[in-house]
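Chain by chain, the residues:
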Amino acid sequence: TIAQNATAFDLNNQIISIPLPKKHILVFWATWCGPCKVELGRINAMILSGEITADSVLAVSIGEDPNVVSSFVNEQKYLFKVAIDISGQSTQLYQVSGTPTILFIDADQKVNWVTAGISPSLEFRIRSFMK
């Protein structure tokens, strides 16, 4: 399926178009979600190790207070871009029913793979997708 377009705001209150105009990993998450913290930590570790680039990941927080998200992101030292979808527009377009939901989006905006919850094969799948 072709990815749908939505908008959200980054932590500097700038509009971000979703999906990004290139191959990337799109993560829907929330600060209160334990499995999200695990999966985002694994992705962040892959950035720190140089396996993937920070600009190949967009993490979209769903309906949360921007100050709460910003504090959480700073505390976790996330290196990837974070956006906040207060309206839930992007979650409706992608039919996200739980967090974390991770989508791999190809350069041609097609959804390549989707997983929800903790994925034991996440790092392997990211390495394969981002090659």
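Heads up: the structure comes first, above all this text.
Because the structure is a prediction, the values reported are computed rather than measured.

Visitor: Which parts of the structure should I look at to understand the pattern of salt bridges?
Guide: Any two side chains of opposite charge can pair, given that their charged atoms come close. Using the criterion set out here, one finds six salt bridges in the structure. In this structure, Asp55 engages Lys22 in a salt bridge whose closest nitrogen and oxygen atoms are separated by 3.2 Å. Of this pair, Asp55 sits in the loop between helix H1 (34–48) and strand S4 (57–62) while Lys22 sits in the loop between strand S2 (15–18) and strand S3 (24–29), and the two are 33 residues apart along the sequence. Assessed through its relative accessible area of 32%, Lys22 is described here as partly exposed. Ionic pairing is found between Arg127 and Glu51, a salt bridge with its closest N-O pair at 2.4 Å. With Arg127 in helix H4 (residues 122–130) and Glu51 in the loop between H1 and S4, this pair connects stretches of sequence that are 76 residues apart. For Arg127, a relative accessible area of 38% gives the class partly exposed. Judged by its relative accessible area of 38%, Glu51 is partly exposed.

Visitor: Explain the pairing of S4 here, please?
Guide: The side chains of a regular strand alternate between the sheet's two faces. Judged by how many residues are buried, S4 sits mostly within the fold: five of six residues are covered. As judged from the five bridges shared by S3 and S4, these two strands associate in the parallel manner. Bridge pairing in S4 links Val27 to Ala59. With H1 bridging S3 and its parallel neighbour S4, the resulting β-α-β unit is right-handed. The pairing of S4 with strand S5 (residues 81–85) spans five bridges and is classified as parallel. Looking at the pairing, Ala59 lines up with Val82 of S5. Assessed by its sense of winding, the connection that carries the chain from S4 through helix H2 (residues 66–76) to S5 is right-handed.

Visitor: Please clarify how the packing of aromatic side chains should be interpreted in this entry.
Guide: Each aromatic ring pair is specified by the distance between its two centres and by the angle formed by the two planes. Applying the stated criterion across every chain yields a total of seven aromatic pairs. Measuring from ring centre to ring centre gives 4.8 Å for Tyr78 and Phe80, while their planes differ by 25 degrees; the resulting arrangement is stacked. Pair check on accessibility: Tyr78 and Phe80 agree, each one buried. Among the aromatic residues, ring-to-ring pairing joins Trp29, Phe72, Tyr78 and Phe80 into one connected group.

Visitor: Looking at this model, I keep getting lost on the state of the cysteines. Mind explaining?
Guide: Per the counting criterion, the structure on display carries one disulfide. Note on cysteine connectivity: Cys33 is disulfide-linked to Cys36, with sulfurs 2.3 Å apart. Across the S-S bond of Cys33 and Cys36 the torsion is about 80 degrees, and the bridge reads as right-handed. Using a relative accessible area of 4% as the deciding quantity, one classes Cys33 as buried. You can call Cys36 buried: its relative accessible area is 0%.

Cut-offs used in this document
- Along each chain, the written sequence defines residue order, and numbers are assigned to residues from 1.
- Only residues with pLDDT of 70 or above have their local features reported here, since the model is predicted, and side-chain atom pairs are shown and tallied only from 80 upward, although totals for entire chains, interfaces and linings are computed over all residues.
- Neither water nor hydrogens contribute to the side-chain values; these are computed over all heavy atoms in the structure.
- For salt bridges, the criterion is a side-chain nitrogen of Lys or Arg within 4 Å of an Asp or Glu carboxyl oxygen.
- Here a strand is any run of E in DSSP of at least two residues, a helix any run of H or I of at least four, and the numbering for each starts at the N terminus.
- Only protein chains enter the area calculation, which uses a 1.4 Å probe; residues under 20% of their type maximum are buried, those over 50% are exposed, and those in between are partly exposed.
- Two strands pair if DSSP finds at least two bridges between them.
- A clockwise course of the path from the first strand over the helix to the second, judged with the strands pointing away from the viewer, identifies a crossover as right-handed.
- Ring pairs shown here join Phe, Tyr and Trp side chains whose ring centres sit within 6.5 Å, with only the six-membered ring taken for Trp; geometry is labelled stacked below 30 degrees between planes, edge-to-face above 60, and tilted in between.
- The disulfide definition used here is simple: a pair of cysteine sulfur atoms within 2.5 Å.

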